[in-house]
Amino acid sequence: MREIVLDTETTGFEPSEGHRIVEIGAVELWNHLPTGRTYHQYINPERPMPPEAFQVHGLGDDFLRDKPVFRLVAAEFLEFVAEARLVIHNAAFDMKFLNAELGWVGLPAIPWERALDTLAMARQKFPGSPASLDALCRRFGIDNSAREKHGALLDSEILAEVYLELVGGRQPDLVLSSGPAAGTDAATGGEWRPRPRPKSLPPRLTEEEAAAHAAFVEGLGDKALWRQFG
């Protein structure tokens, strides 16, 4: 199962008011394990940065001026996410911006049902408790000390750890082996199926231990259960 943990930074709260995406960060998971593949892009919003938004993420007009506009990065972004499920904290916010940007350049919207909202997951799992990303980091003991300001890639990396905790552990499918992947037959490379051992293992009992056991069973009498498995 391929999933993309995603975060955006914007110039404000509403695309309907002319606000734009200025940064996208994303982390790829495969069967709940990070693959090491990431996507990160700063974007020129083609409008001034409001002071209140700058205070959140620190991305100003001078920094963003030479960055590509969204229409130049849209295809690469869509290629990265492909058909994966999108794991997003407060998914409604990021999805409305992504779909607004896609619509402005004439591209199809991403279906809302592809988004998995970790904010909703956290509120369901811990009702009445704070469910911000920082609060969940404190709950799960995740180091977010580098998060002085919001940053899309850093936040998506932190969210990936939070998400894996929410679904039952940071690496629920971890296999402590450097050999073939779980479910793979080492001999054939196909799907693993149980089968008889080709060669029986040698007995681990010594002759003395076997003789002592036989004498013990003999002393139990003719109706002893051990005699039924001789």
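Residues numbered from 1 in each chain as written. Predicted model: local features only at pLDDT ≥ 70, side-chain atom pairs only at ≥ 80, totals over all residues. Heavy atoms only, no water.

S.K.: Would you mind going over the overall build of the chain with me for this structure?
M.R.: Scanning the chain for helices and strands turns up eight helices and five strands. Going from the N terminus to the C terminus, the chain shows its helices and strands as β-β-β-α-α-α-β-α-β-α-α-α-α. Across the chain, the fraction of contacts at a sequence separation of at least 24, relative to all contacts at a separation of at least 6, is 64%. By element, 55% of the accessible surface of the chain is carried by carbon and sulfur atoms, the whole surface being about 14,100 Å². (Helix = DSSP H or I, 4+ residues; strand = E, 2+ residues; numbered from the N terminus. Contact = heavy atoms within 4.5 Å. Areas by Shrake-Rupley, 256 points an atom, 1.4 Å probe, with all protein chains shown as cover.)

S.K.: I would appreciate a short explanation of the packing of aromatic side chains in the present structure.
M.R.: Where two aromatic rings form a pair, the distance of their centres and the angle of their planes describe that pair. Going through the model one piece at a time under the given rule, you end up with five aromatic pairs. A network of ring pairs unites the aromatic residues Y39, F77 and F80 as a single cluster. Here the basic side chain of R2 rests over the ring of F80, its NZ or CZ set 5.6 Å away from the ring centre. (Phe/Tyr/Trp six-rings, centres within 6.5 Å; stacked < 30°, edge-to-face > 60°. Lys NZ or Arg CZ within 6 Å of the ring centre and 35° of its normal.)

S.K.: Hey, could you run me through the packing of helix α5 (residues 118-125) against helix α7 (residues 152-166) in this one?
M.R.: Between two packed helices, the angle of one axis relative to the other and the distance separating the axes together describe the packing. Where α5 contacts α7, the axes come no closer than 11 Å and their chain directions differ by 40°. Between α5 and α7, the angle is such that the two are oblique. By crossing handedness, the relation of α5 to α7 is classed as left-handed. Contacts between α5 and α7 involve T118, M121, A122 and K125 from the first element and L159, Y163, E165 and L166 from the second. For the contact of α5 with α7, the per-class residue count stands at five nonpolar, one polar and two charged. (Axes fitted to C-alpha atoms, helices over the stretch in contact; angles between N-to-C directions. Parallel < 35°, antiparallel > 145°, perpendicular 65-115°, else oblique. Left-handed = near helix turned anticlockwise from the far one by under 90°. Nonpolar A, V, L, I, M, F, W, Y, C, P; charged D, E, K, R; others polar.)

S.K.: Quick question: what am I supposed to make of the sheet that holds strand β5 (residues 115-117) here?
M.R.: Where strands meet in a sheet, backbone hydrogen bonds hold them as pairs that are either parallel or antiparallel. Across the sheet, which stays open at both edges, the five strands sit in the order β3-β2-β1-β4-β5 with mixed pairing between neighbours. Of all the strands in the sheet, the pair left with one neighbour each is β3 (33-42) and β5. Each neighbouring strand pair of the sheet contributes to a mean axis angle of 25°, computed without reference to strand direction. Of the pairings in the sheet, the one linking strand β1 (residues 2-10) to strand β4 (residues 85-88) comprises three bridges and is parallel in character. Bridge assignment links E3 to a residue of β4, and that residue is R85. Sheet strands touched by α7: β1, β2 (21-30), β3, β4 and β5. Its angle to β2, the strand with the most contacts, is close to 35°. (Pairing = 2+ DSSP bridges.)

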